[in-house]
Amino acid sequence: MRHGLYAGIVAGLLLVCGCGEARQPRTTAGDGRSHAGASEQLRSWVTGDAEQLAARGRIDERLSATSADGTRISAWIVRGQDGDAKGTAVLLHDLGGSKADLLPLAQRVSEAGYDALLVDLRAHGASGGQYVTYGVNEVQDVRAAVDAALSRGLVAGPFYVIGHGLGAATAIEYAAASPRSRGVIAVAPFSDLRSLARYHAATVDPEQVERTVNQAAAAAGFDPAAASPAIAATGLRVPLIVVHGKNDMTVPYSQGLLIAERAGGPRKLYAFEKAGHEDVLVGREDWYVQVLAELTRMAPAEPPAEPIAAPAVEQPQQPVAPSAIPAATPEAR
């Protein structure tokens, strides 16, 4: 399912059309309102809409923020259950998903004593926007949601960012640019947009892939070379924990490995031998709470100095030598 969404990069469909919460390209009517399909109705039946979730006590607050370019961003807050929260976990979904996907993780995080801020990235879920920019503009969405939640006294630092796929890429970009972040858990992150496109179009002429990516990015209004978590990671001054499945056919393990190798701050890599792109996260929520506790211990007591700007944009090469970072292998599940 998710593999097909990422493969659509090559055709430029996801960049030009965006992705809706229903895990299909978002379509827009003349009045500018997005329409979800049957799968969105199924999602609502299973999880409930925001009002139903609030009534059941599964979410505590609904939040609307405005990103730097005017895009409306939707978010939920689940408060920690231990009184004074240990901090806030900012949860970022994958391409084609929404904040509802991370509600099970948010509930486990809450039980462990952290507040959770779940964000719909642009062109997903209940947020506005018509274009996916693979972390470039999504960073502003996260900043807007965090700032809005802070200004209203709904959450408090320190902030730890946990993302999956597109959310992982955005988490790295955000943490490299924002002094608010104390650490990142990046689950199945891609190294950069162009490498990901080439991976999904191995049988297509590379020049055609490059033209397609450039055209789609131009339509969406961003520089595709800036969509590079591997470069952003070099500017990190906070801990980074990368989690990746070695059977990931959507975002290859080598791309997560490259990010871990390039991270500018403390880093750790967890490799699941048999996990793919989805099951590296789904069903492992209790384990991720343990990883969050580990990240908390690794994080600096005070906010880091202003992040160092990433070097001039270049396209990272896939590593050919054995990794200098030993990968911890979690217990098989």
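Our structure's up above, just so we're on the same page.
Residue positions are given per chain, counted from 1 along the sequence in the order it is written. Totals for whole chains, interfaces and linings use every residue, but because this is a predicted model, local features are given only for residues with pLDDT of at least 70 and side-chain atom pairs only at 80 or more, for both listing and counting. Calculation of side-chain values draws on the structure's entire complement of heavy atoms; hydrogens and water are dropped beforehand.

1. Let's talk about helix H7 (residues 166-177)
A run of H or I in DSSP counts as a helix once it spans at least four residues, and a run of E counts as a strand once it spans at least two, with each numbered from the N terminus. Expected span of a helix, by definition, is 1.5 Å for each gap between consecutive residues, and there is one gap fewer than residues. The end-to-end C-alpha distance of H7, which contains 12 residues, comes to 17 Å, matching closely the 16 Å that a straight helix rising 1.5 Å per residue would cover. Only protein chains enter the area calculation, which uses a 1.4 Å probe; residues under 20% of their type maximum are buried, those over 50% are exposed, and those in between are partly exposed. Counting buried positions along H7 gives 11 out of 12 residues, so the element sits mostly inside the fold. Along H7, the residues that are buried comprise Leu-166, Gly-167, Ala-168, Ala-169, Thr-170, Ala-171, Ile-172, Glu-173, Tyr-174, Ala-175 and Ala-176.

2. Structural notes on the environment of Asp-192
Tracing the backbone through its elements, the reader meets Asp-192 in the loop between strand E8 (181-187) and helix H8 (193-200). Look at Asp-192 and you get buried, because its relative accessible area is 1%. Sequence separation between Asp-192 and Pro-229 is 37 residues; the distance between their C-alpha atoms is 6.0 Å. At 2.7 Å, the side chain of Asp-192 forms a polar contact with the side chain of Ser-195. Side-chain atoms alone can form a polar contact between residues adjacent in sequence; in general such a contact is a pair of N or O atoms within 3.5 Å, and within protein one must be able to donate a hydrogen while the other accepts it.

3. Observations concerning the pairing of strand E7 (residues 159-164)
In terms of burial, E7 is a largely internal element, 6 of the 6 residues being buried. Going residue by residue along E7, you find Phe-159, Val-161 and Gly-163 tucked away on one face and Tyr-160, Ile-162 and His-164 tucked away on the opposite face as well. Direction of pairing for strand E5 (residues 88-92) relative to E7: parallel, over a ladder of 5 bridges. Within the sheet, the bridge partner assigned to Ala-89 lies in E7 and is Tyr-160. One requirement defines pairing of two strands: DSSP has to find at least two bridges between them. The pairing of E7 with E8 spans 6 bridges and is classified as parallel. Within the sheet, the bridge partner assigned to Ile-162 lies in E8 and is Ile-185. Handedness of a crossover is defined as follows: orient the strands so they point away from the viewer, and if the path from the first strand over the helix to the second runs clockwise, the crossover is right-handed. In this region the chain leaves E7, passes through H7 and returns to the parallel neighbour E8; the handedness of that crossover is right-handed.

4. Focus on the nonpolar core
Nonpolar side chains in soluble globular proteins tend to end up buried together. Residues Val-90, Leu-117, Val-119, Tyr-134, Ile-172 and Leu-240 are the most contacted members of the largest nonpolar core, which totals 63 residues. Broken down by element, the residue count for this core peaks at 8 residues, all from H7. Core analysis: the second largest hydrophobic core is formed by 33 residues, Leu-102, Tyr-114, Ala-116 and Ala-299 among them. The nonpolar core is taken to be a set of buried Ala, Val, Leu, Ile, Met, Phe, Trp, Tyr and Cys residues, with the residues joined through side-chain atoms within 4.5 Å.

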